[in-house]
Amino acid sequence: MGGAGKVFQWHWATARPMSIAHDRTAWIKGADDLCHTPAAKPARPYRLVLLGAPGVGKGTQAELLSECLGACPLSTGDIFRAAKSADDCGTSDAMRTALDAMRRGELVSDETVLALVVERARCLRCGGGFLLDGFPRTLAQARALLVLLATNNVALDAVVSYELPIDQIVARLAGRRTCGKCKAVFHVTSRPPRAEGVCDHCGGALIQREDDRPESIRVRMAAYEENTRPLAEFFRAKGLLLTIPAAGSAEDVHMRTTSALRARG
Ligand code: AP5
């Protein structure tokens, strides 16, 4: 999640901050759209998948990792939320069905998700690297991703799997507030905005996501257990899995992630 704003990249190797902007027009709009401000290319492009239950903090970590690795955060959930706020006339039947599923907390069909990602394969080839957040979510999606990457001559560096007890996950979801304008993510207690209800970055109004209602959260957790949890074993068998405890502050989790990536080389 997060907006298209400017952030500072701090590369481990050089320990030097560098201004970088992620536009993400190509990811959010797909088809023939191009990013208006292509990101500066980092010395080493990282290509990572972020795995974990809804609300574990993948989007938050994607933003922090993006700042230090320079890779672009790519969330499939963001594509659906952008379509939801688009003009109804521009929304296809497949997208309307997808948005209904999302509202209920169910997974969108593999067919729809894969069509959207294939349409955006350019983002996977981007020289800046990528941080896939919320994709893949089923074994079929995971297998299709590996084929798509191979077809585009790129490979994953690692799959980072965040683990947290369910009660802490529910507390994170219940307190989440998202900027309606730039999509930056806050939490009422752990990452509060400077002014209540107002985005620190763009001044937009902070809202609660529709699928953060208790009934949708239950459905999302069940979908995660059934469809997404098995992906950890799938990627472990391929030697790609890094399991990271997600307890503690976002900065603590970020430090654990970067240490594990550094140790991996
Ligand atoms: P998506 O947008 O991907 O949502 P999700 O996976 O449910 O994950 P969330 O965005 O809810 O949580 P997160 O892990 O990013 O946590 P965050 O950083 O915000 O998907 C939404 C829906 O779209 C799905 O349900 C499905 O319908 C559909 N969909 C999307 N992709 C799909 C796919 N591939 N296949 C099928 N369907 C798909 O953090 C949560 C809160 O905690 C925030 O308030 C944050 O500030 C706070 N927080 C974060 N880290 C910490 C910390 N360390 N300590 C304290 N608070 C923290």
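As shown above, the structure is provided for reference.
Criteria and thresholds
Residues numbered from 1 in each chain as written. Predicted model: local features only at pLDDT ≥ 70, side-chain atom pairs only at ≥ 80, totals over all residues. Heavy atoms only, no water. Near = heavy atom within 4 Å. Polar contact = N/O pair within 3.5 Å; in protein donor to acceptor, adjacent residues only side chain to side chain. Helix = DSSP H or I, 4+ residues; strand = E, 2+ residues; numbered from the N terminus. 1 Å grid on protein atoms, 1.4 Å probe; cavity = no way out; pocket = protein on both sides within 12 Å on 5 of 7 lines; lining within 4 Å. Points joined across faces, edges and corners; volume = space filled by probe spheres on them. Nonpolar A, V, L, I, M, F, W, Y, C, P; charged D, E, K, R; others polar. Core = buried A, V, L, I, M, F, W, Y, C linked by side-chain atoms within 4.5 Å. Buried < 20%, exposed > 50% of the residue type's maximum accessible area, 1.4 Å probe, protein only. Contact = heavy atoms within 4.5 Å. Pairing = 2+ DSSP bridges. Axes fitted to C-alpha atoms, helices over the stretch in contact; angles between N-to-C directions.

Here the focus is the site of the ligand. Lining the immediate environment of the ligand, one finds 37 residues, of which Thr60, Glu106, Arg137, Arg176 and Arg220 sit closest. One of the side-chain N or O atoms of Thr60 is found 2.6 Å from an oxygen atom in the ligand. At a separation of 2.8 Å, a nitrogen atom of the ligand approaches a polar side-chain atom of Ser190. Every element with two or more residues in the shell around the ligand is listed here: α2 (58-69), α3 (76-85), α8 (166-174), β8 (185-187) and α11 (250-264). Considering every element that reaches the shell around the ligand, the biggest residue donor is α3, with 4 residues.

The next thing to look at is empty space enclosed by the protein. Under the defined criterion, the tally for this structure stands at 1 cavity of 30 Å³ or more. By volume, the largest cavity amounts to about 30 Å³. Every residue lining the largest cavity is listed: Leu51, Gly52, Ser161, Glu163, Tyr224, Thr228, Arg229 and Ala232. Within the residue set of the lining of the largest cavity, elements represented by two or more residues are β3 (46-52), β6 (158-163) and α9 (214-228). Residue composition of the lining of the largest cavity, grouped by class: 3 nonpolar, 3 polar and 2 charged.

Counting 36 residues, the largest nonpolar core has Phe80, Leu124, Leu132, Leu156 and Phe235 as its most contacted members. Ignoring anything within four residues of it in the chain, the contact list for Phe80 reads Met95, Ala98, Leu99, Met102, Val108, Val113 and Leu116. Tyr46, Leu69, Ala158 and Tyr162 belong to the second-largest nonpolar core, a separate cluster that totals 26 residues.

Taken together, the 5 strands give an open sheet; going across it, the order is β4-β5-β3-β6-β10, and neighbouring strands pair in parallel fashion. Two strands close off the open sheet at either side, each with one partner strand: β4 (72-75) and β10 (241-245). Put simply, the sheet's adjacent strands are angled 25° from each other on average, direction ignored. Sheet topology note: the β3/strand β5 (residues 129-133) ladder contains 5 bridges and is parallel. Among the inter-strand pairings, Leu48 is bridged to a residue of β5, identified as Leu131.

This part takes up unusual backbone geometry. Leave glycine aside and you will find that most residues have negative phi; peptide bonds, for their part, are mostly trans. With an omega dihedral of 0°, the bond running from Phe135 to Pro136 counts as a cis peptide bond. Note on placement: Pro136 falls in the loop between β5 and α7 (139-151). Phi is positive for Asn153, close to 60°, though the residue is something other than glycine. Assignment of secondary structure puts Asn153 in the loop between α7 and β6. Phi angles above zero are rare outside glycine, and Lys183 is one such case at about 70°. For Lys183, the position within the fold is in the loop between β7 (176-179) and β8.

It is worth spelling out the pairing of β7 at this point. Relative to β8, β7 is paired through 3 bridges, and the arrangement is antiparallel. Across the sheet, residue Arg176 finds its bridge partner in β8, namely His187. If you look at the hairpin formed by β7 and β8, you'll find 5 residues sitting between the two strands, and Lys183 has a positive phi there, around 70°. The pairing of β7 with strand β9 (residues 206-207) spans 2 bridges and is antiparallel. Considered in β9, the bridge of Thr178 is made with Ile207.

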